[in-house]
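# Inside the fold
What follows is the residue order along each chain.
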Amino acid sequence: MPVISVENLRKRYGEHVAVDGVSFAVEKGEILGILGRNGAGKTTTVECLAGLRRPDSGQVRVMGLDPWRDRVKVRQVLGSQLQEGALPGKVRVGEAVKLYRSFYRTGADPDRLLADLGLHDKRRAFYDDLSGGQQQRLSIALALVGRPRIAILDELTTGLDPAARRETWQLIDRIRRGGVTIVLVTHVMEEAERLCDRIAVLDRGQIVALDTPEGLIARAQGEQEVRVRTQGAVDQAALNGLPEVTGLRIDGEHVVIRGRGNLLHTVTRALLSQDVVVTDARVRQVTLDDAFLTLTGRSLDEAPGGHFPGDPYEDSRTDLEASR
Amino acid sequence: MTSTTSVPIASDRPGLAAWGQLILHELRMVVRDTGGLVIPLGLPTLLMVMSGLAGGTERIPELGGVSAMNAFVIPSTLTMMVALIGIVNMPSFLASYRTTGVLRRLAVTPAAPSMVLVAQVVVSLIQTIVGTALALVIGASALGVVAPGNLAGTALAMVLTVAAMYALGMLIAAVAPTANSSVAIGLVTFFATMALGGGLGGRDNLPGVLATIGEYVPYGSAVEALSAGWQGNAPNLAHLAALAICTVLASGIAAKVFRWE
């Protein structure tokens, strides 16, 4: 029996439909990622799990309980670290953990918990004096202090530097090994790929895919791209006629070819036969980003030109000039 | 809620230990906020000492030999203390708890965010008791302050004063969007009720209508009721009623409109 089950969950705020018929289940000990852009309905979904919001319709069960009706009971077994939750600036770390420990019937030893989270030497520090990463770890500590069987962690690495982010990921690994089921809300692809057993991709209030990270990537295999810069005109029709090629577009000085199979080899051979000099060519590895793009039609990064988040070509840059 | 509501077993809700921790926590927050700790106690006490040194200790024959210190200064001092704590200090904590997400953080635990409100009220009461004791001890040891002539009447007036001021504070905490705006609204409310109530140079100097209004704003009613009690009379029912009505209205509206996030 799943620890969490959600069936056809709907929630609207006035005219805005935040969650539009979401269904999923989370098994014991699993890390389920909820991935999506801002405003996709992730936070509303987990707020319904935590009993903070009452669903308009649909059924939510946490350990067999209705989180809205039985919210006090549910919160004894479900710890949440939600966005925009904070502590007063003048509370000391150790005091906060002790205070939150007192809310639960059973719970972790505050000192040991702080040691586990690397905050032991900060236990006399004020909340205001902690770094962002330390505040985030304290927030996780407060979510875990009641020894929950389920933890909801919402955007827990937002605003952290890469080192703090990696530390937090190691921490999540440790929590899972302790047998805690985790629902991880994120819009960081790398985070989802690294930590999650399964990922629910949420777009405009609906789940567009629910699969393992590998499964999601596999769905996007057809969407490989080769990006070339050439001297001389490219015979676009000839390229488009190749069986491996599914699409082609011009992006400034570059030609971007989409397709399957050994695309780079196919494209370079075709261009050679056209006597076109290739000055630069890059293959983009298929990532979860591509899967997201394929599934939702939009990139996860909202930055302009987000079609190529970061520079995924960097690693697979090939010097074709040399190979000629 | 229309459907059947299951009643959680008692142990699902946080117990006495949690209440103790929460009150201790709020106490720390108030004590560590130096300005909020010192000003509501220090300022009225200082004004009291200055009034006492300026001749307030002389007995006034028209008041049956009660000194101005006992008849007016102590009632004004205690009223100002309660008003500063209830209207300015307490709401600033509660508003900041909402804007910074403290209430939201609590809302996902078995503790209800309302528990922190109750704890803050308890701590504000402790602060009021400490302040009252401070003013009375200084007054009694150096400025001829004596016990109220009508102890029961004075106690009732004090309880209603605290209730009315704290209810006003709850209303401010309920509507103020941020901690800063709650201090601004609190101070304006405090000075308005104090000016009307005669805290700035006597109601007799106000135009007729304002003086009448001032008698029944919380500050004015509180001073009148405490003053009557200290002089050994029964507080005027109209003043007690004004405080009670303010309490019911302000806390009722606050409960209706309180924004938890």
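No experiment lies behind these values; they were computed from the predicted model shown.

## Quick notes on the overall build of chain B
- From N to C terminus, chain B includes 10 helices and two strands.
- For chain B, the α and β elements follow one another from N to C terminus as α-α-β-β-α-α-α-α-α-α-α-α.
- Against the compact-globule benchmark of 18 Å for 261 residues, chain B has a radius of gyration of 20 Å, which places it among compact chains.
- Taking all 261 residues of chain B together, 50% fall into the buried category.
- Within chain B, contacts between residues separated by at least 24 positions form 76% of all contacts whose residues are at least 6 apart in sequence.
- Element-wise, carbon and sulfur atoms account for 73% of the exposed surface of chain B, whose accessible area totals about 11300 Å².
- In chain B, the 10 positive side-chain charges and the 9 negative ones have mean positions that sit 16 Å from each other.

## Observations regarding the sheet that holds strand β7 (residues 181-186) of chain A
All names here are of chain A.
- If you trace the six strands from one edge of the open sheet to the other, you get β5-β6-β7-β3-β8-β9, paired in mixed fashion. Looking along the sheet, the strands with just one partner apiece sit at the ends: β5 (78-81) and β9 (206-211). Pairwise comparison of adjacent strand axes, ignoring direction, gives a mean angle of 15° for this sheet.
- In the sheet, strand β6 (residues 150-154) pairs with β7 via five bridges, with the strands oriented parallel. Across the sheet, the residue bridging to L153 is L184, located in β7.
- Packing against the sheet, helix α5 (residues 132-144) makes contact with β5 and β6, and its axis sits at approximately 165° to β5.
- Sheet strands touched by helix α6 (residues 162-177): β3 (31-35), β6 and β7. Its angle to β7, the strand with the most contacts, is close to 155°.

## Points about the confidence of the model for chain B
All names here are of chain B.
- For chain B, mean pLDDT is 90; residues scoring 70 or higher make up 96% of the total.
- A low-confidence stretch, residues 1-10 (pLDDT under 50), is modelled with 10 contacts involving residues beyond four sequence positions or located in other chains.
- Two numbers describe this predicted complex: its pTM, 0.79, and its ipTM, 0.86.

## Concerning the interface of chain A and chain B
- Contact residues are listed per partner, giving 38 residues for chain A and 30 residues for chain B.
- With both chains or domains summed, chain A and chain B bury close to 3100 Å², and 55% of this area falls on carbon and sulfur atoms.
- A per-residue breakdown of the area chain A buries against chain B is headed by A:R69, A:V72 and A:F103, which together make up 20% of the total.
- At the boundary of chain A and chain B, one finds three salt bridges.
- One can count nine residue pairs in polar contact (both at pLDDT 80 or more) joining chain A with chain B.
- Looking at the side of chain A that touches chain B, the elements that each hand over two or more residues are α1 (42-49), α2 (71-77), β5, α3 (93-101) and α5 of chain A.
- Looking at the side of chain A that touches chain B residue by residue, the class counts come to 17 nonpolar, seven polar and 14 charged.

## So, the nonpolar core
- In terms of nonpolar packing, the biggest core is built from 109 residues, with A:F103 and A:L138 touching the most fellow members.
- If one sorts the elements of this core by residue count, helix α3 (residues 68-100) of chain B sits on top with 16 residues.
- With residues up to four places along the chain from it excluded, the contact list for A:L138 reads A:L87, A:V93, A:V97, A:L119, A:Y127 and A:L130.
- Grouped together as the second largest cluster of nonpolar side chains are 29 residues, A:V46, A:L49, A:L52 and A:L78 included.

## Looking at the pairing of strand β10 (residues 224-231) of chain A
Residues and elements named next belong to chain A.
- With six of its eight residues buried, β10 lies for the most part within the structure.
- Pairing analysis gives six bridges linking β10 to strand β12 (residues 254-259), with the strands arranged antiparallel. Paired with Q224 across the bridge in β12 is G259.

## Some thoughts on the packing of aromatic side chains
Residue and element names in this part refer to chain B.
- Enumeration according to the criterion identifies five aromatic pairs over all chains in this entry.
- Relative to Y219, the ring of F190 lies with its centre 6.5 Å away and its plane at 75°, an arrangement referred to as edge-to-face. With F190 in helix α7 (residues 179-196) and Y219 in helix α9 (residues 218-230), this residue pair connects regions lying 29 residues apart in the sequence. Here F190 matches Y219 in class, with each residue buried.
- Where F258 meets W260, the ring centres are 4.7 Å apart and the plane angle is 50°; that geometry is what we call tilted.
- Each member of the aromatic cluster is reached from another via a ring pair, and the members are F190, F191 and Y219.
- Residue placement shows R98 over the ring face of F258; its charged tip is 5.5 Å from the ring centre.

## Re the sheet that holds strand β2 (residues 16-26) of chain A
All names here are of chain A.
- Judged by pairing direction, the sheet is antiparallel, and its three strands sit side by side in the order β2-β1-β4 without closing on themselves. Since the sheet does not close on itself, it has two edges, and those belong to β2 and β4 (57-62), each with one partner. Averaged over neighbouring strand pairs, the angle between their axes works out to 25° when direction is ignored.
- Relative to β2, strand β1 (residues 4-13) runs antiparallel, the two sharing eight bridges. Bridged to L9 within β2 is V22.
- Lying over the sheet, α1 contacts β1, β2 and β4, oriented at roughly 120° with respect to β1.

## Comments concerning a nonpolar patch on the surface
Residues and elements named next belong to chain B.
- Together, V175, I185, I245, L249, I253 and V257 make up a nonpolar patch on the protein surface, roughly 500 Å² of accessible area in all.
- When residues of the nonpolar patch are assigned to their parent elements, the largest contribution, four residues, is made by helix α10 (residues 237-257).
- Position of I245 among the secondary structure elements: in helix α10.

## Considering α10(B)
Residue and element names in this part refer to chain B.
- With 21 residues, α10 should reach 30 Å at 1.5 Å per residue; the first-to-last C-alpha distance of 30 Å fits that figure.
- Taken residue by residue, α10 has H239, L240, A242, L243, C246, T247, A250 and A254 as its buried positions. Down the axis of α10, the sector holding all buried residues measures 155°, keeping them to one side. Pointing more than 90 degrees away from the buried face of α10 are the exposed residues L237, I245, V248, L249, A255 and K256.

Parameters and conventions
- Residues numbered from 1 in each chain as written.
- Chains lettered and ligands numbered in written order.
- Predicted model: local features only at pLDDT ≥ 70, side-chain atom pairs only at ≥ 80, totals over all residues.
- Heavy atoms only, no water.
- Helix = DSSP H or I, 4+ residues; strand = E, 2+ residues; numbered from the N terminus.
- Rg over C-alpha atoms; globule rule 2.2 N^0.38 Å.
- Buried < 20%, exposed > 50% of the residue type's maximum accessible area, 1.4 Å probe, protein only.
- Contact = heavy atoms within 4.5 Å.
- Areas by Shrake-Rupley, 256 points an atom, 1.4 Å probe, with all protein chains shown as cover.
- Lys, Arg positive; Asp, Glu negative; His and termini not counted.
- Charge placed at Lys NZ, Arg CZ, Asp CG, Glu CD.
- Pairing = 2+ DSSP bridges.
- Axes fitted to C-alpha atoms, helices over the stretch in contact; angles between N-to-C directions.
- pLDDT = per-residue confidence, 0-100.
- Buried area = accessible area lost by both parts, 1.4 Å probe.
- Salt bridge = Lys/Arg side-chain N within 4 Å of Asp/Glu carboxyl O.
- Polar contact = N/O pair within 3.5 Å; in protein donor to acceptor, adjacent residues only side chain to side chain.
- Nonpolar A, V, L, I, M, F, W, Y, C, P; charged D, E, K, R; others polar.
- Core = buried A, V, L, I, M, F, W, Y, C linked by side-chain atoms within 4.5 Å.
- Phe/Tyr/Trp six-rings, centres within 6.5 Å; stacked < 30°, edge-to-face > 60°.
- Lys NZ or Arg CZ within 6 Å of the ring centre and 35° of its normal.
- Patch = residues over 30% accessible without salt bridge, like charges linked within 9 Å, V, L, I, M, F, W, Y side chains within 5 Å.
- Expected span 1.5 Å × (residues − 1).
- Arc of directions from axis to C-beta.

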